[in-house]
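Each chain, letter by letter, is given below.
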Amino acid sequence: MKIFTAEQMRAFDKAASEQFLIPSIVLMENAALRVVEFLEQQFAPLSGKKILVLCGKGNNGGDGFAIARHLQKAKHLTVFMTCAPGDLKGDALINFKILRASGAAIAHAGTRSGDLRWDTFDVIIDALLGTGFKCEIRGEELKHTLEMAALAPAPVVAVDLPSGLNSDTGEAAKEALPADFTVTLVAPKRGLFVQQGLDLCGEIWVGGIGTPQRVMEAAETGLEVLNQSVARQLAAKLKRPLDAHKGDAGRVLILGGSLGLSGAPAMSAHAALRAGAGLVTTALPNRVVPIFAGAQNEAMSRPLLDDAQGRLVEASFEDVPRLWENMDAVALGPGLSRSSGALEFARRVVCECPAPLIVDADALYALRPILRQIKARTAPTILTPHPGEMGELMQIEIAEVQKTRLETAKACAEKFGAFVVLKGARSVVAAPDGKLWVNLTGNPGMATGGSGDVLTGIIAGLLAQLKDAQSATLLGVYAHGLAGDLAYQSKDNGLIAGDIAHHLPAALKQFKNGVAPSNARLQKLI
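Only a predicted model underlies this, so the values are computations on that prediction, with no experimental measurement involved. Sequence order sets the numbering: in each chain, residues are counted from 1 along the sequence as written. Given that the model is predicted, a residue must reach a pLDDT of at least 70 before its local features are reported, and side-chain atom pairs must reach 80 or more before they are shown or counted; all residues, however, enter totals for whole chains, interfaces and linings. Only hydrogens and water are set aside when side-chain values are computed; all heavy atoms of the structure are taken into account.

Participant: Please explain the side chain of Arg426 as it appears in this structure.
Facilitator: A run of H or I in DSSP counts as a helix once it spans at least four residues, and a run of E counts as a strand once it spans at least two, with each numbered from the N terminus. Take Arg426: it is sitting in the loop between β15 (419-422) and β16 (428-430). Classification of residues uses two cut-offs on accessible area relative to the type maximum, computed with a 1.4 Å probe and protein chains only: under 20% is buried, over 50% is exposed, and between them is partly exposed. His is not counted, nor are the chain ends; Lys and Arg add positive charge and Asp and Glu add negative charge. When a carboxyl oxygen of Asp or Glu is within 4 Å of a side-chain nitrogen of Lys or Arg, the pair counts as a salt bridge. No salt bridge is formed by the buried Arg426, whose closest oppositely charged neighbour, Asp485, lies at an N-O distance of 6.7 Å. The contact criterion used throughout is that any non-hydrogen atoms of two residues lie within 4.5 Å. Excluding its chain neighbours within four sequence positions, the residues that come into contact with Arg426 are Phe193, Leu198, Arg405, Val438, Asn439, Leu440, Thr441, Gly442 and Ile526.

Next up, the structure:
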């Protein structure tokens, strides 16, 4: 599913009206019906609920008036608008008049929102500000209404996007109203997945309103959601024949480790096996091998020359080429350390490895001096930085990385000629050709040591089976987050990296039954 800008959404509405002769008020009516369908699904029976609908003066407010008309069966319906009727125009004015003619009471500016009994409502519908909002809340009545709604105990359902959120940048006004649920219309907007949008939107649903599908399919966006539908299509390629043997399931080589960081390659190896790789070999500093062997039974280990501190050195590389013969995927970096010798070792690996290569953790700090050699690699390269590591790769501050996650991931992929996973809330996957995906799985409990090492192992294990870097990266990121979500259900913030690997088979099993239908008018995204 594509993600669009506010300008593109306006173009879709215009095309629907001018090219396909769909009146704009019909689109508004369909938008209202999608929100009402969501309310009936989430809060039934509505006949027993006290519902407050907050309406602004634009088209978002028009949606609110139409929603309110369908909610008159509620036990108690209150409609409050933050402007005077004379400020309304177009379809919003028409729906206001229809609602008023139906006998509904509509309070408006001049009747202070402070007079509302905010603690008595069961549900609050936010139809105040839409995609036209930029960065500043104007009007004391509107500010006061947003403040009171944020303090109210009732769940908030945002129409299209939370009021006060910029639909393109994800920046939000200080008075922005956090939503428990967002029913975004037609298609997802960029701002829902970046910056403050991550915390403001709550659970996201997409509601179709009749916008011609071919108009959206023709629109270039370069940005899509990485959701269950995408993951199912990719996971269908993992099916094995009955006579498959361990070599057919893929061979993985993991390079890394150092004294004090032996757990990182162990977790990567375990995750690669849990992802379905048939054979996993981990090459480690000689002093680390006994520790690794005690922690990981199923993966093989090979000793490499190390220094007195148990770290790899440039000369450690001499034994590596014989190890990566016949390997389907190589992962470099877990637990490597940033000693000068270890980084020189990493540079040799990146420059000479003939196999598809995942570079993570400390190995990422070795890359900038060999940019030309990385781009010249004939086999695919996958980089998996967290924001701090991305800052090192792109020579920018972490705050700038987080502010421009989509743009930075895209620039990094183009710079290094690699697939890039920018980890964090709503991880971003960027392809060398400029395409972007925003992942919809994952949770705050995954902010724990070793989570990235598990991701590296998952991608490596899938890459060894799928033999396709883009498919393995996308499926690996989604499955990693889903396994974390399954673990989070019982562990909450006590989740550890091993829990993610433990739940990985259950996460992948969810994708074994083909592609889920995606033609529903109302779809849950997150």
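Participant: Help me out: how do you make sense of the pairing of strand β1 (residues 50-55) in this one?
Facilitator: A regular strand carries its side chains on alternate faces of the sheet. Among the six residues of β1, five are classified as buried, and the element is accordingly described as predominantly covered. By this definition, two strands are paired if DSSP reports at least two bridges between them. Pairing of β1 with strand β2 (residues 76-81), which is carried by six bridges, proceeds in the parallel orientation. Bridge pairing in β2 links Lys50 to His76. Running through helix α3 (residues 59-70), the crossover from β1 to the neighbouring parallel element β2 is right-handed. Here, the term right-handed applies to a crossover whose path from the first strand over the helix to the second runs clockwise when the strands point away from the viewer.

Participant: Please clarify how the nonpolar core should be interpreted in this entry.
Facilitator: Most often, soluble globular proteins keep nonpolar side chains buried together rather than apart. Each nonpolar core is a collection of buried residues, namely Ala, Val, Leu, Ile, Met, Phe, Trp, Tyr and Cys, held together in the definition by side-chain atoms within 4.5 Å. By size, the foremost hydrophobic cluster in this structure holds 62 residues, and its most contacted members are Phe345 and Leu367. In terms of residue count, helix α12 (residues 340-352) provides more of this core than any other element does, six residues in total. Discounting chain neighbours no more than four positions away, the residues touching Phe345 are Leu255, Leu304, Leu312, Val313, Glu314, Ser316, Phe317, Val320, Leu332 and Leu336. With 58 residues, the next largest nonpolar core counts Leu284, Val288, Phe292 and Leu482 among its residues.

Participant: What am I meant to see in the sheet that holds strand β9 (residues 251-255) here?
Facilitator: In any sheet, the strands associate via hydrogen bonds between backbone groups, in a parallel or an antiparallel arrangement. Here we have 10 strands laid out as an open sheet, ordered β8-β17-β16-β15-β14-β13-β12-β9-β10-β11, and mixed in their pairing. Either end of the sheet is taken by a strand with one partner, and the two such strands are β8 (223-226) and β11 (300-304). Averaged over all pairs of adjacent strands, the angle between strand axes in this sheet comes to 20 degrees, irrespective of strand direction. Bridging between β15 and β16 involves three bridges; their strand directions are antiparallel. Counted as the bridge partner of Val421 is Val429 from β16. Sheet strands touched by helix α9 (residues 263-274): β9 and β10 (279-285). Its angle to β10, the strand with the most contacts, is close to 170 degrees. Every axis in this analysis is a line fitted to C-alpha atoms, fitted for helices over the stretch in contact. Angles between the N-to-C directions lie between 0 and 180 degrees. Sitting on the sheet, helix α17 (residues 451-466) is in contact with β9, β12 (329-332), β13 (357-359), β14 (381-383) and β15, with an inclination near 165 degrees to β12.

Participant: I tried to follow the pattern of salt bridges on my own but got confused; where do I start?
Facilitator: Proximity of charged atoms lets side chains of opposite charge pair with each other. Under the criterion given, the structure shown has 17 salt bridges. Across the pair Asp362 and Arg338 runs a salt bridge, and its minimum N-O distance is 3.1 Å. In this pair, Asp362 sits in the loop between β13 and α13 (371-375) while Arg338 sits in the loop between β12 and α12, placing the two residues 24 residues apart along the sequence. Residue Asp362 is classed as buried on the basis of its relative accessible area of 14%. Connected through salt bridges with shared partners, the residues Glu314, Glu318, Arg348 and Glu352 form a single ionic network.

Participant: So what exactly am I meant to see when it comes to the packing of aromatic side chains here?
Facilitator: Each aromatic ring pair is summarised here by two numbers: the centre-to-centre distance and the angle between the ring planes. Aromatic rings from Phe, Tyr and Trp, with only the six-membered ring used for Trp, were paired whenever their centres fell within 6.5 Å, and each pair was classed as stacked if the ring planes differed by under 30 degrees, edge-to-face if by over 60, and tilted otherwise. For the structure on display, the rule yields six aromatic pairs. Considering the side-chain rings of Phe43 and Phe181, the 5.9 Å spacing of their centres and the 90 degrees angle between planes classify their relative orientation as edge-to-face. Taken together, the residues Phe43 in helix α2 (residues 24-43) and Phe181 in strand β6 (residues 181-185) connect sequence positions 138 residues apart. Given the relative accessible area of 11%, Phe181 is considered buried. Lying over the aromatic face of Tyr365, Arg338 brings its terminal NZ or CZ to 3.8 Å of the ring centre. Consider the ring centre and the ring normal. A charge sits over the ring if Lys NZ or Arg CZ is within 6 Å of that centre and within 35 degrees of that normal.

Participant: Explanation requested: the environment of Gly64 in the structure shown.
Facilitator: Take Gly64: it is sitting in helix α3. Residues contacting Gly64, with those up to four places away along its chain left out, are Val53, Cys55 and Ala127.

Participant: For this particular structure, what's the right way to read the packing of α17 against helix α19 (residues 497-509)?
Facilitator: Two quantities define a packed helix pair, namely the angle between the helix axes and the distance between the axes. Where α17 meets α19, the closest approach of the two axes is 8 Å, and the angle between their N-to-C directions is 30 degrees. Between α17 and α19, the angle is such that the two are roughly parallel. For the crossing formed where α17 meets α19, the hand is right-handed. Residues Ser451, Val454 and Ile458 of α17 form the contact with α19, whose own contacting residues are Ala497, Ile500, Ala501 and Leu504. When grouped by side-chain class, the residues that make up the contact of α17 with α19 number six nonpolar, one polar and no charged. Here the angle decides the label: under 35 degrees means roughly parallel, over 145 means roughly antiparallel, 65 to 115 means roughly perpendicular, and every other value means oblique. By definition, turning the near helix anticlockwise from the far helix through less than a right angle yields a left-handed crossing, and turning it clockwise yields a right-handed one. Side-chain classes are defined by residue name, with Ala, Val, Leu, Ile, Met, Phe, Trp, Tyr, Cys and Pro counting as nonpolar, Asp, Glu, Lys and Arg as charged, and the others, Gly among them, as polar.

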